[in-house]
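Here's the letter readout for the chains.
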Amino acid sequence: MRIFTAALATETNTFSPICVDRRAFEASLYAPPGQHPETPTLCSAPITVGRRVCAEKGWELIEGTAAWADPAGLVNRSAYEGLRDEVLAQLEAAIPVDAVILGLHGAMVAAGYEDTEGDILARVREIVGPEVLVCAELDPHSHLTAKRLKAADFFVYFKEFPHIDFVDRAEDLWRLAVETLEGRLKPVMSAFDCRMIDVYPTSRDPMRSFVDKIMHIEQDDTDILSISVVHGFMAGDVPEMGTKILVVTNDKPEKGKALARELGLELFSKRGTFMMPQIDEVEAVTQAMAATSWPVVVADVWDNPGGGTAGDATVLLQEFIERGAKGVAIGTIWDPMAVQICMAAGEGAEIPLRFGAKSAPGTGNPVDAIVKVVKLVANAEMRFGESFAPFGDAAHIVLDGIDIILNSTRAQSFDPSLFSVMGIDPTSKEILVIKSTNHFYASFSEIAAEIIYCSAGTPYPNNPAKTPYRRAPKNIWPMVADPHGR
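Residues numbered from 1 in each chain as written. Predicted model: local features only at pLDDT ≥ 70, side-chain atom pairs only at ≥ 80, totals over all residues. Heavy atoms only, no water.

Per an unreviewed UniProt entry, the protein carries the name Microcystinase C and comes from Rhizobium grahamii CCGE 502.

Considering the pairing of strand β8 (residues 224–230)
Moving residue by residue along a regular strand, the side chains alternate between the two faces of the sheet. Note the threshold: Here the term buried applies to any residue with accessible area under 20% of the maximum for its type, exposed to any over 50%, and partly exposed to those in between, with areas from a 1.4 Å probe on protein chains only. For helices the rule is a DSSP run of H or I covering at least 4 residues; for strands it is a run of E covering at least 2, with both sets numbered from the N terminus onward. Pairing between strands is defined by DSSP: at least two bridges between them are needed.
Burial analysis of β8 places seven of its seven residues in the buried class, which makes it a mostly covered element. In terms of strand pairing, β8 meets strand β9 (residues 244–250) through six bridges, oriented antiparallel. Pairing of S226 across the sheet is with V248, part of β9.

As for the environment of V298
You can see V298 is positioned in strand β10 (residues 296–300). The buried category is assigned to V298, whose relative accessible area is 0%. Sequence separation between V298 and K435 is 137 residues, and the spatial gap between their C-alpha atoms is 8.5 Å.

Some points on the domain arrangement of the protein
Interface size is often expressed as the accessible area that is lost when the parts come together. Stated formally: Note that the domain bounds reflect an automated or database-derived domain assignment. Note on contacts: a residue pair is in contact if any heavy atoms of the two residues lie within 4.5 Å. Take the accessible area each of two parts loses on contact, using a 1.4 Å probe, and add the two losses: that sum is the buried area. We count a salt bridge whenever a side-chain nitrogen from Lys or Arg sits within 4 Å of a carboxyl oxygen from Asp or Glu. For this analysis, a polar contact is any N or O atom pair within 3.5 Å, provided that within protein one partner can donate a hydrogen and the other can accept it, and provided that sequence-adjacent residues contribute only side-chain to side-chain pairs.
By domain assignment, the protein separates into domain 1 (2–270) and domain 2 (281–454). Of the residues lining the interface, 26 residues belong to domain 1; the matching set on domain 2 comes to 22 residues. Together, the buried faces of domain 1 and domain 2 total about 1,800 Å²; carbon and sulfur atoms form 63% of this surface. Its largest share of buried area at the contact with domain 2, domain 1 owes to I18, D70 and P162, together 24% of the area lost on that side. The tally of links from domain 1 across to domain 2 stands at zero salt bridges. Applying the counting rule to domain 1 against domain 2 returns eight residue pairs in polar contact (both at pLDDT 80 or more). For the side of domain 1 that touches domain 2, the secondary structure elements donating two or more residues are α1 (22–28) and α6 (166–181).

Overview of the packing of aromatic side chains
Put simply, the rule reads: The pairing test for Phe, Tyr and Trp rings, Trp by its six-membered ring, is centres within 6.5 Å, and the orientation test on the planes gives stacked under 30 degrees, edge-to-face over 60, and tilted for anything in between.
Counted under the stated rule, the structure contains 13 aromatic pairs. Pairing F384 with F414 gives two aromatic rings, centres 4.1 Å apart and planes at 25°, and the pair type is stacked. Of this pair, F384 sits in strand β13 (residues 367–384) while F414 sits in the loop between β15 (402–407) and α12 (417–420), and the two are 30 residues apart along the sequence. Per residue, the accessibility class of F384 equals that of F414, and both read buried. Measuring from ring centre to ring centre gives 5.9 Å for F440 and Y453, while their planes differ by 50°; the resulting arrangement is tilted. Here the residue F440 occupies a position in the loop between β16 (431–434) and α13 (441–444), and Y453 occupies one in strand β17 (residues 450–454), the gap between them amounting to 13 residues. Across this residue pair, the class does not change: F440 and Y453 are buried.

Quick look at the pattern of salt bridges
Summed over all chains, the structure comprises 34 salt bridges. Each of R84, D85, D119 and R123 takes part in one network of salt bridges that share partners.

What to know about the pairing of β15
Counting buried residues along β15, six of its six residues qualify, which places the element largely inside the surrounding structure. Neither face of β15 is open: one carries I402, I404 and L406, the other D403, I405 and N407, and all of them are buried. As defined by bridge partners, strand β11 (residues 328–334) adjoins β15 across five bridges and the pair is classed as parallel. Among the inter-strand pairings, W334 is bridged to a residue of β15, identified as N407. Sheet analysis places strand β14 (residues 387–399) next to β15, joined by six bridges and oriented antiparallel. Residue A394 lies in a different strand from β15, and its bridge partner there is N407. The hairpin formed by β14 and β15 contains two residues between the paired strands, and D400 there has a positive phi angle of roughly 50°.

Section: the sheet that holds β14
This is how the line gets drawn: For every element, the axis is a line fit to its C-alpha atoms; helices are fit only across the contacting stretch, and the angle between N-to-C directions ranges from 0 to 180 degrees.
Taken together, eight strands build an open sheet; the order of strands is β12-β13-β14-β15-β11-β16-β10-β17 and the sheet is mixed. Looking at strand neighbours, the two that pair on one side only are β12 (350–355) and β17, the edges of this open sheet. Adjacent strand axes in the sheet meet at a mean angle of 30° when their direction is disregarded. Most of the contacts of helix α10 (residues 315–323) go to β15, to which it runs at about 160°, and overall it touches β10, β11, β12, β13, β14, β15, β16 and β17.

Description of the UniProt feature "domain: Microcystin LR degradation protein MlrC N-terminal" (unreviewed entry) in the protein
Put simply, the test is: UniProt positions are given in the numbering used here, feature names are shortened, and annotations may be inferred rather than shown by experiment.
Taking the numbering used here, the UniProt-annotated feature "domain: Microcystin LR degradation protein MlrC N-terminal" (unreviewed entry) corresponds to residues 2–289. The distance from the first to the last C-alpha atom of residues 2–289 is 59 Å, and the span holds 39% helix and 20% strand.

Describing the side chain of S413
Summarising the element assignment, S413 is placed in the loop between β15 and α12. For S413, the side chain forms a polar contact with the main-chain oxygen of G331, separated by 2.7 Å. A polar side-chain atom of S413 sits 3.0 Å from the main-chain amide nitrogen of K435. Sequence-distant contacts of S413, that is, excluding residues within four places in its chain, are made with G331, T332, M382, L418, I434, K435, S436, F440 and F444.

Some points on the UniProt feature "domain: Microcystin LR degradation protein MlrC C-terminal" (unreviewed entry) in the protein
Cross-referencing UniProt, the feature "domain: Microcystin LR degradation protein MlrC C-terminal" (unreviewed entry) maps to residues 298–471 in the present numbering. Helix makes up 16% of residues 298–471 and strand 36%. Its end C-alpha atoms lie 34 Å apart.

Structural notes on the nonpolar core
Our working rule: Among the buried residues, those of types Ala, Val, Leu, Ile, Met, Phe, Trp, Tyr and Cys that are joined through side-chain atoms within 4.5 Å form a nonpolar core.
With 119 residues, the main nonpolar core has F154 and F155 as its most contacted residues. Broken down by element, the residue count for this core peaks at nine residues, all from α6. Both domains that furnish three or more residues to this core are identified here as domain 1 (2–270) and domain 2 (281–454). Not counting the four nearest positions on each side in its chain, F154 is found in contact with L133, V134, C135, A136, L173, L176, A177, T180, P187, M189 and V248. Listed in part, the 38 residues of the second largest apolar core include V296, A338, F355 and L406.

The structure is reproduced here in C-alpha cells:
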C-alpha cells in the first residue's frame with residue numbers, strides 16, 4: 001500500500017483582530033516532507049502514528065507538509081492557498097496512492113474561503129478519484145459541513161475536551177483505515193444536526209458521562225465504528241456553525257442515522273448545563289486571596305488564545321495589583337514588543353515598560369510600570385500531553401511582587417511547565433493565573449488546591465444569543481428556545 005499523509009490546520013475566531021499569515025504557521029509548526037518531528041502536534045498525530053503503522057505493515061508512507069498556526073482570526077488568502085497548493089502538489093506527485101489520511105482542524109476560515117477543510121477535501125477527492133480512501137482526524141471545535149461529508153469516507157474527532165486524546169484518536173483513524181484497505185470494513189458516515197451551540201468540557205458531567213456512553217457503544221456494537229460529538233465553534237461566523245453528532249458505521253447508514261439522531265436529541269436535552277460556572281474578576285480575586293491552601297488556579301477562560309483571542313488582557317492582573325496581592329504568577333500576557341524590549345535590556349535589568357491590552361476593546365488597559373527582568377528564554381516551549389507547544393521568545397518580569405510571563409507567540413496555558421521553563425516553581429505560588437477555557441485542566445488539576453473559572457472582560461464572543469453573527473444560523477439554540485419544536 002502507498003499512503004499519503006499531511007496536515008494543515010488552525011482554528012479561526014472570525015471576530016478576532018489577529019490575522020494569520022504564513023509567518024504564523026512557521027512560528028507554530030511548518031514541517032516540509034520528512035521534517036515533521038517525532039512528537040505530534042495537536043492536529044498532526046496522523047503523521048506520527050502513520051509512521052509506526054506503516055512500518056509495522058510494510059506499507060509506504062509518503063509524507064507531505066505539516067502546518068499548524070495557533071488559533072487567531074481570518075487566515076490570509078495567499079497563505080492558505082499557498083499551503084493548500086503545496087500539499088496538493090505533493091499528493092499529485094505521489095500518485096498512485098491507496099489512501100489519503102489527513103490531520104485537519106475543522107474551524108479554519110480564510111479570506112474567500114468559509115469552508116477551507118471542505119475545499120481541501122474536495123480537491124483531494126478530485127485528484128485521487130472516487131475509489132481511493134480519504135479520511136481525516138479533526139478537532140471537535142469545528143464545523144461539519146455537507147461538502148466535507150461528500151468528499152471523505154470517514155472522519156474521527158477528538159472525544160475529550162481538554163484534547164488529551166488526540167494521539168488515541170489518530171490510532172482509531174489508522175485502525176479503521178487499515179481495516180478498510182484490507183477489505184474488512186466499509187465505513188459510512190451519518191450525521192445529525194443538534195441545532196445548538198454550546199461549550200462541552202468533558203472534565204465534568206454531564207459531558208463526561210455522555211462521552212463515556214458513546215465509547216461504550218463503540219465497544220459493544222460491532223456495527224458502530226466511531227461516534228464523534230462535533231462541538232462546533234461559536235466564534236466562527238459561518239453558515240454551518242453548530243453542534244453535530246457523527247456516527248460511522250460498517251455499511252449501516254440507516255442505523256447510523258437513527259443513533260446520531262438519538263444521541264443528538266439527548267445532548268440537546270442537556271443544553272445550557274455543560275459549561276462550568278464562572279465569576280467576574282472582582283469575585284475571582286477575592287476568592288483566590290481568601291484561600292488557605294495553594295496553589296489556587298484562576299483560569300481567565302475567555303482571554304484564551306486557544307479560542308483565537310490575543311491573550312493580552314490585563315483585567316485580572318490589574319485587579320490583583322490594586323488589591324496588593326503577593327505570591328501571584330501570571331502566565332501569560334502576549335506582547336511581542338514588550339518581549340523585545342526586555343530582551344534588549346537583559347536579565348536583571350529594571351526598566352520602565354508598557355505591556356498588554358493592545359489588541360482590542362474589552363481587554364483592560366495597558367500596564368505602565370517599572371519592572372525587573374528576571375529571566376529571558378528564546379523559543380520557549382511548554383508541554384501539552386505527548387507534544388510541546390511553543391510560546392516564542394518570552395520574558396519573566398516582576399511587578400510589585402507579582403511574577404508575569406510575557407510571550408511573543410500566542411499560546412494558551414496548557415501545562416505548569418509554562419511557569420517552570422521561565423524559572424517559576426508553580427507549586428511555590430499561592431495563585432496561578434492562566435489563560436485557557438479547559439485544555440489546562442488535565443495538568444493543572446494535578447497541582448491545584450482549587451480552580452476558579454473567571455469571566456473577565458470581553459475579549460471573546462461567548463454569548464451566542466447576543467453575538468452579532470452575520471453568517472451563522474439564527475435558528476439554533478440559544479438564538480431560539482427550541483429549534484426542534486419538541
